[in-house]
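Letter by letter, the chains look like this.
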Amino acid sequence: MDQKVKVLEKVKATEKRARWSKGICLCCHDGIPGRPHLRGIQILSFTKRRKRRVFLFFLHLLLKIASEDSSPFFPVDSAFGRFTLTWSFGWNSSLPVYYIRDDNQRVLLYVCAHTAVIYNVFKNTQHHLQGHPNVISCLCISEDRRWIATADKGPNCLIIIWDSFTGIPVHTIFDSCPEGNGIGAIAITRDAKYLATISDAEIQKVCIWRWTLAVETPACTLSLPKEYGVQNYLTFNPTNNKELVSNSKTQAIYYLWYEAGGILAHSAPRLTEKTFNKLVGKFSQSVFHLNLTQILSATMEGKLVVWDVHRPPSSASASVASPQIKPCKLVHLQKEGITVLTTVDSYIVTGDIRGNIKFYNHTLSIVNWYSHFKLSAIRTLSFSKTPAAPPTEKSNYPPDCTLKGDLFIVRNLIIGTADATVYHLTTDGTKLEKLFVEPKDAICAISCHPYQPLIAIGSFCGMIKVWDYEKKKYLFSRVFKKGLGVQSLTYNPEAPRTWPGPEVMSFEGMKSFSRIVLRLVISGVLLGAGFTEGTVYILDAMSLENQIPEPFKYSRTSVTHISFSHDSQYMATADVHFTVAVYMVVVKNGHRVWEYLARLRSHRKSIRSLLFGVHLDSNKPRLLSLGRDRLLIEYNLLKSYRDNLEVLDIHRTDQGNYPTCMVWYPPLTKELFLLICNSGYKVKLFNSTTKMCRKTLLGPVFGSPIEQIQMLPVKSTLELQKRYMAFINRDKVGLQILPVDGNPHKTSAIICHPSGVAGMALSYDGCYAFTAGGQDRSVVQWEINLSALEAAVSLGGEDLTPFYGLVAGGREGKFYRELEDYFYYSQLRSQGIDTMETRKVAEHICLSELPFVMRAIGFYPSEEKIRDMFNEIRFSEYVDTGKLIDKINLPDFFKVYLNHRPPFGNTMSGIQQSFDVLGFTNSKGKKAIRREDLLKLLLTKGEHMTEEEMCDCFATLFGLNPEGWKSEPAAASVKGAEICFEEVLPDEITAEIFTTDILGLTISQDFGQDPMVSGVVRNV
């Protein structure tokens, strides 16, 4: 074993060195280049508690009454090597597409979420520029197409400069916008020597960076007044590195950089309707005129504002003379609003909202235009780096529209439009080629085919696209009518009656012939689609044609979930209005027909999961739903009939936290479980028949609770006892080795969509995971590397070694030593403190002692959680031996404690949330609870106390009862001290008063912005 660990450590060290040489972040595989991006691992710590521990019972009770959960940040574990990004579907159509190489290879650059993609059209390959922790907000490229600069918006925003030839980051600027939200616009000089950025803050800052010197501070900075508006476009003068122009919708700004003095001077004259006595319109983009003495600003009214540039003498300093621009002319260039303004060779080029591309000479006379392509609004124009070839006899350049009728010779270009379509225009012969069409709206629905390498992607724009994800080839699509946005997708699990061979399944050759063959062979495979306005379609999986005469329309709101039974006899849907609907197959005239069965509004809050299963005794389907209202509901399909969906049973899954998702747990044991995750970062296993909570375990903790889980499919029967679970949370995708036991080394996660993950799907062979990014309009394909995860588990140690790191000090720390003392003291306590008989020291304690030890070390579980702990221990061996367990040893107790305790302890935000729910706003503007209301809540709500218990607890908190009050058997019958609540409790109780004055806790700032509460400060 030692030799194996040494080998694994050597392999891991070698991989780290390889990653370091590429500038990739070693701790989260996010590709942060340039320097280590070590986040560190935060160890949960618990302060020693010896006096008046009863105050935590009040704290727990208050949190449970409010039923609110806080979600603080927890550091990301290393995901090194577990996931490899292999392909990105979709692109951010609000950002430019750049033509970075042509000749014999057509190479594009575009953005997909937080990754820049270099795409070779002819070879159908992608190279991913990974490194940003947030969604990329802007990018630019040098004139020679060598250097790429990307920037993002969000916390810890970055500016990264890449070498497009190698795809390696050459420089990273950290903390580029510490006071703002990130970068809103970026530009690079023609010679790639300087970089300019505009921040996305309330007070925007313009910065110029000497990035080639590898510095992380700007050469100069200029703060812009709010009245200038949000500057969202920026460009350099192509012939002068010291001049820039930017614009917002209402203001254009000219900048002149005095490099010697580090000063950025600017001029920003304001335009009104009186300036030209005409409507100007909102600015879109600005460029320097070809004559270099003027600036042009395009507007959404089809006009150009011409600015004269008045430069001070080159010898003058910024303090003596400032540059100025003055509006001199308003040119009504065209009727259509101009969305793109750029220059190429000797032309000024515009793109407009009608899809027209027009070329003008330096006098703003039109030379040529392309209007017959019928494109949507132009978003970006990028011309080839290579000049157009001189005309020959074989050339077919069109004539321009001048009187001479000369040939119109211009470079080839890439066109990006508002409907997320990218075209290539070959100007010699005017050949327009559509390169790809991607969804233009949010993508929330993805589903993988159950036995083919196909993925279906659905978007809010009504498009469903099907790809072969192994060949990275688009196959077919369907666009539904306007107003039908795809919210959910799923393939039915029923396998075809005849499994076709590889040669039949191939999509090569004639497309029409292939589709016909596929329909004949797999005509029974279906794709269920739920739409945003409540419609449900059942489609043929290989053609996307309707399989039912008319779509089902039994919901008025978005269909969030759709699922088929294992035999494809039933289909169920759930919508935003907490309603479950069921459809079934009936036979009419010898044909299988789908019909509506019934629907039921069974939940009070959003439905988190909708799941079919199988009855073990009859192989009939069973249906369950899980809601945020903490209810797990099973339906009786056999007794349901038209318009009446019968409920079989209802169970509550949680007391305070709300469930987030559920899945069938693989049959790793003789007992069949439902796995349910909740907002408290816990994973619970419920008996599939009795719905009893059999285990509570610490789940993956990566900044936010798990939102969706799926079990990795197995490739052979040999893998049935070695299973894995894939999951997503708010912005990450991760893996978990089964069985779940709370071992932190068994989990790994990586950021996949910083703006939020909307869905996940797994390939039929378990080799790939797919994540949908929702509003970032992308789907990312991840290759799964299980061996890397197994290696990390091996390096983490065996038995209790991985768990010791979850408490302060580890195995030899003060906390664990104190736990041992309490554990063995519990044996003495159960045998009687005052006895003189010989003590029996054992390795176990009785289950009845478990709650006392838990409370002694600072964890105060509710009565329901105590019952769950008892059931977990009592029935741990029942299935195998038929015996109940009534005792527990120290290692098992330690695991139970770690798995059941709150992962982040008690925080002020959690207490404040409770007061926000239960309290009122007092005269000081703070949330408070009146004394009478607090006492009433403790006596009547939740697991309420008796009046005697409440008086005893408050008396203990205020030092009126002796140490160990009612926790020792000998003191159980002694009457406690009397207490007057009017004297010890204030009329209004805020979160701070409750925490410090009543409970006696200190408020620690050690854990960042969300302070922890711990320790007793009262001296009595």
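Residues numbered from 1 in each chain as written. Predicted model: local features only at pLDDT ≥ 70, side-chain atom pairs only at ≥ 80, totals over all residues. Heavy atoms only, no water.

1. Notes on the overall build of the protein chain
Scanning the protein chain from N- to C-terminus turns up 17 helices and 62 strands. Across the 1020 residues in the protein chain, those meeting the buried criterion constitute 56%. Long-range contacts, defined as pairs at least 24 residues apart, comprise 54% of the intrachain contacts of the protein chain with a sequence gap of at least 6. Summing over all exposed atoms, the protein chain offers an accessible surface of approximately 44,500 Å²; the carbon and sulfur share of this is 51%. (Helix = DSSP H or I, 4+ residues; strand = E, 2+ residues; numbered from the N terminus. Buried < 20%, exposed > 50% of the residue type's maximum accessible area, 1.4 Å probe, protein only. Contact = heavy atoms within 4.5 Å. Areas by Shrake-Rupley, 256 points an atom, 1.4 Å probe, with all protein chains shown as cover.)

2. Observations concerning unusual backbone geometry
Each neighbour pair has its own omega, and for L738 with P739 the value is 0°, a cis peptide bond. Its place among the elements puts P739 in the loop between β51 (732–737) and β52 (747–751). Not every positive phi belongs to a glycine, and N124 is a case in point at roughly 55°. Relative to the helices and strands, N124 is located in the loop between β4 (115–120) and β5 (125–130).

3. A short note on the confidence of the model for the protein chain
Averaged over all residues, the pLDDT of the protein chain is 84; the fraction at 70 or higher stands at 84%. Every residue in residues 1–80 is under pLDDT 50, and counting partners more than four places away or in other chains gives 209 contacts. Note on residues 496–524: pLDDT is under 50 here. Beyond four places in sequence and across chains, it has 39 contacts. (pLDDT = per-residue confidence, 0-100.)

4. Let's talk about the pairing of strand β28 (residues 421–426)
With 5 of 6 residues buried, β28 lies mostly within the body of the structure. Of the strand pairs in this sheet, strand β27 (residues 413–417) and β28 are connected by 4 bridges, and their pairing is antiparallel. Each bridged residue has a counterpart across the sheet, and for I415 the counterpart in β28 is Y423. The turn joining β27 and β28, which pair antiparallel and follow one another in sequence, is formed by 3 residues; a positive phi near 65° is taken by A420. Where β28 hands over to strand β29 (residues 431–437), the hairpin turn is made up of 4 residues, of which G429 adopts a positive phi near 100°. (Pairing = 2+ DSSP bridges.)

5. Description of the side chain of T573
With respect to the secondary-structure elements, T573 resides in strand β38 (residues 570–575). A residue is classified by how much of its surface remains accessible, and T573, at 5% relative accessible area, is buried.

6. Topic: the sheet that holds β4
The 4 strands are arranged β2-β3-β4-β5 in an open sheet whose pairing can be described as antiparallel. Looking along the sheet, the strands with just one partner apiece sit at the ends: β2 (98–101) and β5. Shown here is a sheet whose adjacent strand axes are inclined to one another by a mean of 30°, direction ignored. In the sheet, β4 pairs with β5 via 6 bridges, with the strands oriented antiparallel. Paired with V117 across the strands is H128, a residue of β5. (Axes fitted to C-alpha atoms, helices over the stretch in contact; angles between N-to-C directions.)

7. Here we look at the side chain of T189
With respect to the helices and strands, the residue T189 is situated in the loop between β10 (183–188) and β11 (195–199). T189 sits in the buried class, given a relative accessible area of 1%.

8. Examining the packing of helix α8 (residues 814–831) against helix α12 (residues 890–900)
The relative placement of two packed helices comes down to the angle between their axes together with the axis-to-axis distance. Here α8 crosses α12 at 120°, and the two axes come no closer than 11 Å. As far as their axial angle goes, α12 and α8 are oblique. Note on packing geometry: the crossing formed by α8 with α12 is right-handed. Contacts between α8 and α12 involve F815, Y816, L819, E820 and F823 from the former and L890, F893, F894 and Y897 from the latter. Across the contact of α8 with α12, the residue classes tally to 8 nonpolar, no polar and 1 charged. (Parallel < 35°, antiparallel > 145°, perpendicular 65-115°, else oblique. Left-handed = near helix turned anticlockwise from the far one by under 90°. Nonpolar A, V, L, I, M, F, W, Y, C, P; charged D, E, K, R; others polar.)

9. Some points on a nonpolar patch on the surface
On the surface, Y878, V879 and L884 cluster together to form a nonpolar patch covering roughly 280 Å² of accessible area. Along the chain, V879 falls in helix α11 (residues 878–881). (Patch = residues over 30% accessible without salt bridge, like charges linked within 9 Å, V, L, I, M, F, W, Y side chains within 5 Å. Salt bridge = Lys/Arg side-chain N within 4 Å of Asp/Glu carboxyl O.)

10. What about the environment of P178?
Residue placement: P178 occurs in the loop between β9 (168–174) and β10. Spatially, the C-alpha atoms of P178 and S199 are 9.7 Å apart, while their sequence positions differ by 21 residues.

11. Some points on the sheet that holds strand β42 (residues 621–627)
Taken together, 4 strands build an open sheet; the order of strands is β41-β42-β43-β44 and the sheet is antiparallel. Edge positions in the sheet fall to β41 (607–614) and β44 (644–652), since each has one partner strand and no second. Each strand axis lies, on average, 25° off the axis of its neighbour in the sheet, ignoring direction. When strand β43 (residues 631–641) meets β44, the two strands line up antiparallel, connected through 7 bridges. Residue Y635 lies in a different strand from β44, and its bridge partner there is V647.

12. Remarks on the environment of K394
Inspection of the secondary structure puts K394 in the loop between β26 (378–383) and β27. Separated by 35 residues in sequence, K394 and G429 have C-alpha atoms that sit 9.9 Å apart.

13. A few points about the pattern of salt bridges
Applying the stated criterion across every chain yields a total of 29 salt bridges. The salt bridge partner of R146 is D163, with a shortest N-O separation of 2.7 Å. Of this pair, R146 sits in the loop between β6 (136–141) and β7 (147–152) while D163 sits in strand β8 (residues 158–163), and the two are 17 residues apart along the sequence. For R146, a relative accessible area of 26% puts it in the partly exposed group. Where salt bridges share partners, they join R622, E634, D649 and K691 into one cluster.

14. Regarding helix α14 (residues 931–940)
Along α14, the positions that sit buried rather than exposed are R931, L934, L935, L937 and L938. All buried residues of α14 lie within an arc of 160° about the axis, which places them on one face of the element. Looking one or two residues beyond α14, the residue adopting positive phi is G942, at roughly 60°. (Arc of directions from axis to C-beta.)

15. Describing the pairing of β51
Of all 6 residues in β51, 6 are buried, a share of seventy percent or more. What you see with β51 is no split at all: K732, G734 and Q736 on one side and V733, L735 and I737 on the other are buried throughout. In this structure, strand β50 (residues 724–728) lies alongside β51, joined through 5 bridges in antiparallel fashion. Bridging across to β51, I728 finds its partner in V733. Counted along the chain from β50 to the antiparallel partner β51, the turn is 3 residues long. Here β51 pairs with β52 via 5 bridges, running antiparallel. Residue Q736 lies in a different strand from β52, and its bridge partner there is T747.

16. Observations regarding the packing of aromatic side chains
Per the stated rule, a full pass over the model turns up 43 aromatic pairs. The interplanar angle of 70° and the centroid separation of 6.0 Å between the aromatic rings of Y119 and F436 together place this pair among those described as edge-to-face. Note that Y119 is positioned in strand β4 and F436 in strand β29, a separation of 317 residues in sequence. Using a relative accessible area of 10% as the deciding quantity, one classes F436 as buried. On the numbers, 4.9 Å between centres and 65° between planes, the contact of F359 with F408 is edge-to-face. (Phe/Tyr/Trp six-rings, centres within 6.5 Å; stacked < 30°, edge-to-face > 60°.)

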